[in-house]
Amino acid sequence: MVVDMGLSGKQMRYLRALAHPLQPILQIGKSGVTEQVVDQIGLALEARELIKISVLKNSAVTIEEAAQLIQSMTKAEIVQTIGRTLIVYRRSQDHRTIVLPRA
């Protein structure tokens, strides 16, 4: 089941602008989206709220499959896919730094 956080177009544009200068902090390789990768994504999202993830060419999954798996397994919102890069957002429980504009 995919959780839809209901981000508006304005909020998505805002998050894309914030993500522009970011570098990917995680890579998905030939093992695909494993439990360890999901755990690392969860920790990174809790600390930063907005991250970029790159899917390597030798990955076992496509960018679309990776996005769907990450979204369902982490309850995060896929803001955008650019080439082989994912922009992922999830509101932090303890370290909220991003204030989204009103919808």
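A quick note: this is a predicted structure, and the numbers were derived from the prediction, not measured.

**Student:** So what's going on with the pairing of strand E4 (residues 85-89)? Residues and values would help.
**Tutor:** The element E4 is extensively covered by neighbouring structure, given that four of its five residues are classed as buried. Pairing geometry for strand E3 (residues 77-82) and E4, over five bridges, is antiparallel. From the neighbouring strand, Ile78 faces E4, where its bridge partner is Val88. The loop that links E3 with its antiparallel partner E4 comprises two residues; one of these, Gly83, has a positive phi angle of about 60°.

**Student:** Which residues make up the nonpolar core, and what values do they have?
**Tutor:** Membership of the largest hydrophobic core comes to 20 residues, with the highest contact counts inside it found for Ile28, Ile41, Ile51, Ile53, Ile70, Leu86 and Val88. Looking at this core, the elements with two or more residues in it are strand E1 (26-28), helix H2 (35-48), strand E2 (50-55), helix H3 (63-74) and E4. Here this core gets five residues from one element, more than from any other, and that element is H2. Leave out the neighbours within four places in its chain, and Leu86 touches Ile51, Lys52, Ile53, Val55, Ile63, Ala66, Ala67, Ile70, Ile78, Gln80 and Thr81. Counting residues in each nonpolar core, the second largest holds nine residues, with Leu7, Met12, Ile87 and Tyr89 among its members.

**Student:** Just give me the short version of the environment of Tyr14, but keep the residues and values in it.
**Tutor:** On the secondary structure map, Tyr14 appears in helix H1 (residues 9-19). Assessed through its relative accessible area of 33%, Tyr14 is described here as partly exposed. The spacing of Tyr14 and Pro101 is 87 residues in sequence and 7.6 Å in space, taken between C-alpha atoms. Beyond its immediate chain neighbours, meaning those up to four positions away, Tyr14 contacts Ile98, Val99, Leu100 and Pro101.

**Student:** Mind laying out the pairing of E2, listing which residues take part and the relevant values?
**Tutor:** By the criterion of burial, E2 is predominantly enclosed, with six of the six residues buried. Looking at chain direction, E1 and E2 are connected through three bridges and run parallel. Its bridge partner lying in E2, Ile28 is registered against Val55. Chirality of the crossover, the property in question, places the unit of E1, H2 and E2 among those that are right-handed. Alignment of E2 against E4, held across five bridges, turns out to be antiparallel. Following the sheet pairing, Ile53 is matched in E4 by Leu86.

**Student:** Describe the sheet that holds E4, with residues and values.
**Tutor:** Pairing within the open sheet is mixed, and its four strands lie in the order E1-E2-E4-E3. At either end of the open sheet lies a strand with only one pairing partner, and these are E1 and E3. The sheet shows a mean angle of 25° between the axes of neighbouring strands, direction not considered. The sheet contacts of H1 involve E2, E3 and E4, and relative to E3 the element is tilted by about 60°. Together, E1, E2 and E4 form the strand contacts of H2, whose direction differs from that of E2 by roughly 150°.

Cut-offs and rules
- Residues numbered from 1 in each chain as written.
- Predicted model: local features only at pLDDT ≥ 70, side-chain atom pairs only at ≥ 80, totals over all residues.
- Heavy atoms only, no water.
- Buried < 20%, exposed > 50% of the residue type's maximum accessible area, 1.4 Å probe, protein only.
- Helix = DSSP H or I, 4+ residues; strand = E, 2+ residues; numbered from the N terminus.
- Pairing = 2+ DSSP bridges.
- Core = buried A, V, L, I, M, F, W, Y, C linked by side-chain atoms within 4.5 Å.
- Contact = heavy atoms within 4.5 Å.
- Right-handed = clockwise from strand over helix to strand, strands pointing away.
- Axes fitted to C-alpha atoms, helices over the stretch in contact; angles between N-to-C directions.

Take it as geometry only, folks, not as evidence of what the structure does.
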